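# Examination of the molecular architecture
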Amino acid sequence: MSETLVSVQDMKVHFPIKRGVFMDRTVGYVYAVDGVDLEIKRGETYGLVGESGCGKSTLGRAMLRLNEPTAGKMVFDGQDFSALKGEELRKMRRRIQMVFQDPLSSLDPRQSVESILIEGLRAHGLDKGKESTNKRLRELLTAVGLPTTALRKYPHEFSGGQRQRIGIARALALEPDLIVADEPVSALDVSVQAQVVNLMEQLQEQFGLTYLVIAHDLAVVKHISDRVGVMYLGGLVEEASSEDLYAEPLHPYTRALLSAIPVPDPVVEDRRERILLAGDLPSPANPPSGCRFHTRCPWRQETKCDTDRPVLRELKPGHKVACHWAEQIQSGEIKPHEVKPILVEEGDGLSPDVPLVGPASVTEALNP
Amino acid sequence: MALLEVRDLTVVFQRRGEEPFRAVDGVSFDVEPGQTVGLVGESGCGKSVTSLAIMGLLPKRGATVTGTVTYDGTDLLKLSDKQMRDKRGSELGMVFQDPLSSLNPVIPIGIQVTEVLERHRGLARKEAMIEAKNLLDKVGIPDPNRRLKEYPHQLSGGMRQRALIAIALACRPKLLIADEPTTALDVTIQAQILSLMKELVQDLGTALVMITHDLGVVAGLCDEVNVLYGGKVVEKANRHPLFAEPRHPYTHGLLSSIPRLDAAPGEKLTPIKGSVADNIPWAQGCAFAPRCPNALDVCVQVTPAEEDQLGRLLRCHNPVVPGTPAAEEVPV
Ligand SMILES: Nc1ncnc2c1ncn2[C@@H]1O[C@H](COP(=O)(O)OP(=O)(O)OP(=O)(O)O)[C@@H](O)[C@H]1O
Ligand SMILES: Nc1ncnc2c1ncn2[C@@H]1O[C@H](COP(=O)(O)OP(=O)(O)OP(=O)(O)O)[C@@H](O)[C@H]1O
Ligand code: SF4
Ligand code: SF4
Ligand SMILES: [Mg+2]
Ligand SMILES: [Mg+2]
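For the structure given in this document, a descriptive report is provided here. (Residues numbered from 1 in each chain as written. Chains lettered and ligands numbered in written order. Predicted model: local features only at pLDDT ≥ 70, side-chain atom pairs only at ≥ 80, totals over all residues. Heavy atoms only, no water.)

## Considering the sheet that holds strand β2 (residues 25-41) of chain A
Residue and element names in this part refer to chain A.
- Spatial ordering of the open sheet is given by β2-β1-β4-β5, a layout of 4 strands whose pairing is antiparallel. Both outer strands of the open sheet, β2 and β5 (79-80), are each paired with one neighbouring strand and no more.
- Of the strands in this sheet, β1 (4-19), β2 and β4 (71-76) are in contact with helix α1 (residues 56-63), which crosses β1 at around 115°. (Pairing = 2+ DSSP bridges. Helix = DSSP H or I, 4+ residues; strand = E, 2+ residues; numbered from the N terminus. Contact = heavy atoms within 4.5 Å. Axes fitted to C-alpha atoms, helices over the stretch in contact; angles between N-to-C directions.)

## Some details on the pattern of salt bridges
- Within this structure, the stated rule accounts for 42 salt bridges over all chains.
- Its salt-bridge partner being Asp86 of chain B, residue Lys82 of chain B comes within 2.9 Å of it at the nearest N-O pair. Of the two residues, Lys82 of chain B and Asp86 of chain B are both situated in helix α2 (residues 81-87); the distance of 4 residues between them amounts to about one turn of the helix.
- Residues joined by salt bridges that share partners form a network here, namely Glu3, Arg42, Asp77, Arg95 and Asp177 of chain A. (Salt bridge = Lys/Arg side-chain N within 4 Å of Asp/Glu carboxyl O.)

## Some remarks on the interface of chain A and chain B
- Contact residues are listed per partner, giving 47 residues for chain A and 50 residues for chain B.
- Summing both partners gives a buried area of about 4,200 Å² for chain A against chain B, and 61% of it is carried by carbon and sulfur.
- Where chain A packs against chain B, one counts 2 salt bridges.
- Residue Arg239 of chain B is joined to Asp270 of chain A by a salt bridge in which the shortest nitrogen-to-oxygen separation is 3.0 Å.
- The interface formed by chain A and chain B holds 16 residue pairs in polar contact (both at pLDDT 80 or more) in total.
- Elements represented by at least two residues in the side of chain A that touches chain B include exactly α7 (190-207), α8 (218-224), α9 (242-247), α10 (252-260) and α11 (266-271) of chain A.
- Per element, the largest residue contribution to the side of chain A that touches chain B is 8 residues, and it comes from α7 of chain A.
- Residues belonging to the side of chain A that touches chain B are distributed by class as follows: 25 nonpolar, 8 polar and 14 charged. (Buried area = accessible area lost by both parts, 1.4 Å probe. Polar contact = N/O pair within 3.5 Å; in protein donor to acceptor, adjacent residues only side chain to side chain. Nonpolar A, V, L, I, M, F, W, Y, C, P; charged D, E, K, R; others polar.)

## Topic: the site of ligand 4
- Around ligand 4, 13 residues are found, and the nearest of them are Cys286, Cys292, Cys299, Cys316 and His317 of chain B.
- Taken together, the residues of the shell around ligand 4 break down into 9 nonpolar, 4 polar and no charged. (Near = heavy atom within 4 Å.)

## Looking at the sheet that holds strand β4 (residues 63-71) of chain B
Residues and elements named next belong to chain B.
- Spatially, the 4 strands line up as an open sheet ordered β2-β1-β4-β5, and their pairing is antiparallel. Of all strands in the sheet, those bounded by a partner on one side alone are β2 (21-31) and β5 (74-75).
- Running at roughly 115° to strand β1 (residues 4-13), helix α1 (residues 47-54) makes contact with β1, β2 and β4 of the sheet.

## Examining helix α11 (residues 249-257) of chain B
- Where burial is concerned, most of α11 of chain B is hidden: 8 out of the 9 residues are buried.
- Residues Pro249, Tyr250, Thr251, His252, Gly253, Leu254, Leu255 and Ser257 of chain B constitute the buried set of α11 of chain B.
- Elements in contact with the buried residues of α11 of chain B: α7 of chain A together with α9 (215-221), β9 (224-229), β10 (232-238) and α10 (239-244) of chain B. (Buried < 20%, exposed > 50% of the residue type's maximum accessible area, 1.4 Å probe, protein only.)

## Observations regarding the packing of aromatic side chains
- Following the criterion strictly, the structure yields 7 aromatic pairs over all chains and no others.
- Taking 6.4 Å as the distance between ring centres and 50° as the angle between the ring planes, the aromatic pair formed by Tyr29 of chain A and Tyr31 of chain A counts as tilted.
- Between Tyr232 of chain A and Phe293 of chain A the ring centres are 5.0 Å apart and the planes differ by 85°, which places this aromatic pair in the edge-to-face class. On the criterion of sequence distance, the pair formed by Tyr232 of chain A in strand β9 (residues 227-232) and Phe293 of chain A in the loop between α11 and β11 (313-316) is long-range, its members being 61 residues apart. Phe293 of chain A matches Tyr232 of chain A in its accessibility class, with the two residues each being buried.
- A cation sits over an aromatic face here: Lys222 of chain A above Tyr246 of chain A, 4.5 Å from the ring centre.
- The cationic tip of Lys232 of chain B hangs over the ring face of Trp282 of chain B; the distance from NZ or CZ to the ring centre is 5.8 Å. (Phe/Tyr/Trp six-rings, centres within 6.5 Å; stacked < 30°, edge-to-face > 60°. Lys NZ or Arg CZ within 6 Å of the ring centre and 35° of its normal.)

## Some details on the side chain of Glu51 of chain A
- Among the structural elements, Glu51 of chain A can be located in the loop between β3 (45-49) and α1.
- For the buried Glu51 of chain A, no salt bridge is present, and the opposite-charge side chain at shortest range is Arg296 of chain A, 4.3 Å distant.
- Within the structure, Glu51 of chain A has its side chain in polar contact with the side chain of Tyr253 of chain A (distance 2.7 Å).
- When neighbours within four sequence positions are excluded, Glu51 of chain A is seen to be in contact with Lys56, Tyr253, Leu257, Leu281 and Arg296 of chain A together with Asp186, Val187, Thr188 and Ile189 of chain B. (Lys, Arg positive; Asp, Glu negative; His and termini not counted.)

## With respect to the site of ligand 3
- As a structural note, the neighbourhood of ligand 3 is formed by His251, Pro252, Cys291, His294, Cys297, Trp299, Cys305, Cys323, His324 and Trp325 of chain A.
- Each residue belonging to the shell around ligand 3 can be placed in one class, and the counts come to 7 nonpolar, 3 polar and no charged.

## Thoughts on the packing of helix α6 (residues 160-173) of chain A against α7 of chain A
Residue and element names in this part refer to chain A.
- Direction vectors running N to C along α6 and α7 enclose 20°, while the axes themselves pass 10 Å from each other. Classified by the angle between their axes, α6 and α7 sit roughly parallel to one another. The hand of the α6/α7 crossing is right-handed. Residues Gly161, Gln164, Arg165, Ile168 and Leu172 of α6 form the contact with α7, whose participating residues are Val192, Gln195, Val196, Leu199, Met200, Leu203 and Phe207.
- Taken together, the residues that form the contact of α6 with α7 break down as 8 nonpolar, 3 polar and 1 charged. (Parallel < 35°, antiparallel > 145°, perpendicular 65-115°, else oblique. Left-handed = near helix turned anticlockwise from the far one by under 90°.)

Right, dumping it as structure tokens:
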């Protein structure tokens, strides 16, 4: 079980911010993912959490090479996935599948479920004759808990939870080793989320799958994951088994995040202490110097915090944290203090002196 | 008499060529000053339509609103549009999920706040500017002087929501309806906004109607909780008994299906089977019957009435008895 399937090494994704009449000048970068190392073991579920814009999806997409990384690589099952080309890349791609947040927009509305599923099989040469394919389709539907009558229907004829089952069936069809699921349940109704979570767990057991689950809901991630990585502004700030992370969060951001999540139990809510963070997330185009959390950190110190970027280090077996003062914070030697919120610029956070000739936003610039 | 008394509120939408659709179906609840009442339920159960009906914001054509909404002795449903406009923005405040849609995009935040102060509190421009700055400060917007001059799109989601709360605060409403005010925000920002709303209720005695699908938010904030399903309140109780002993199979199912942050490792989730698409019309029985592990034959024959049962209001023929397992295992 402890064999490494995925190893991400110093992954960086910087999106250029272009300006000028011909969009020909790069005036800065969005540091969406800025130096992430992580390992995922075969058969485990690795959960990636963090707030909106911290770079979770970009990291997932860079691993699959849906975004070309600026630097760094991913080694998959011993092979440098980042360097693969042509046929080899295509073969390897089959082994890594993705499940998306919004099942409706990721399924072609004009295709029946049958043709959605067959399409993937064909692309990877797994369509070996009518009979075996039909058998395979029925197996897939049974595996994800849909009736075989679903094959002739179209995505809009299903509820959100059922559509997510179709998305999962499509990924499963290719017999992948790794499934990267980006917010697999966040678009679903509360009462339906558990169906999909349980299904994913059951399929993992049945097919020996490895999961990377990306989500902003820490309760869901904690439930489904063996290990969890917490991201803040493009970097991992803490990594631990999901029990340890909850029982003993070491990074100030993780502490604040955990304390902010409401628990559906009034008794717990009434006696909980919240660590309220001041202000907003800084812009990834203009990340704070030193520790990226220093602008909001209640434990920030005069030295090191605003000048040196802390690296992820192992404080206890299997428990890593990127904070200069983690030991002192844990022992209580350093106490939290009040933080004044500071102004965070919306948009790309560039100085107003840069003439705005081109599009106003990053998204506009990159997806004309 | 409560500050707000909603009785038998019903909203029927009529689209051409379609069956009339009862989005809200006989909803009743009270809110006292300084009290927070929650409306909770999943997507499409009628939460927003309820709040829009109370505020008189539903389209005049196509939506029929019946029942009574008595605020401070007056039935709001009988007021003219003009009278209702005056009430909103003065005594009645509202905060929506998407703050951008409720802020005017072409007017700087500062003017939007001072306008309310001038109109509803009769302050002069200069005083209003000072008060606006104080309000922005109070809701945790950094550098308020500068923010006052900015347009809504220049603020982040969290800052916009704060600005909207500042505007709602500006007129010191006696009743505030918040419709998913934090759903679009990150949890650390949500925690800030919720603590702000708590302060509001405690310090100013505002009556708050909190609409959310997040049972965690309800658990920490609401005194009384109304669980909605298919446009009807199916369970109404104070938050402590509701969470300790959910009696309606739907409430019980919801609580067993959400992972808790503080759960022991290896906790199993028990989902509710099916989806709202499986509902039957309330007119035929219990809308939840096709998904309900407790369903009896009577459930698809007789519409359960809202009754005082087991120390709370319940709409159910066969409520969950504490201590017994939740009927059959649901297949995944
Ligand atoms: N194609 C792109 N071009 C430019 N900037 C981008 C692009 N994709 C993402 N970004 C920016 O990179 C940052 C990280 O985005 P990402 O989508 O990875 O965040 P996330 O953690 O997945 O957030 P969410 O929880 O909202 O999905 C954001 O600031 C985003 O605006
Ligand atoms: N203007 C309208 N015309 C017709 N039907 C409507 C209209 N507004 C809402 N509905 C319908 O009324 C039902 C209740 O909608 P409502 O917006 O109150 O749900 P909600 O509980 O707020 O859900 P959500 O959690 O998704 O916000 C839905 O089925 C919706 O499609
Ligand atoms: S390094 Fe400093 S600023 Fe960063 S989390 Fe640790 S104490 Fe806070
Ligand atoms: S009335 Fe019947 S079907 Fe409806 S919730 Fe109660 S037991 Fe279930
Ligand atoms: Mg994302
Ligand atoms: Mg709504």
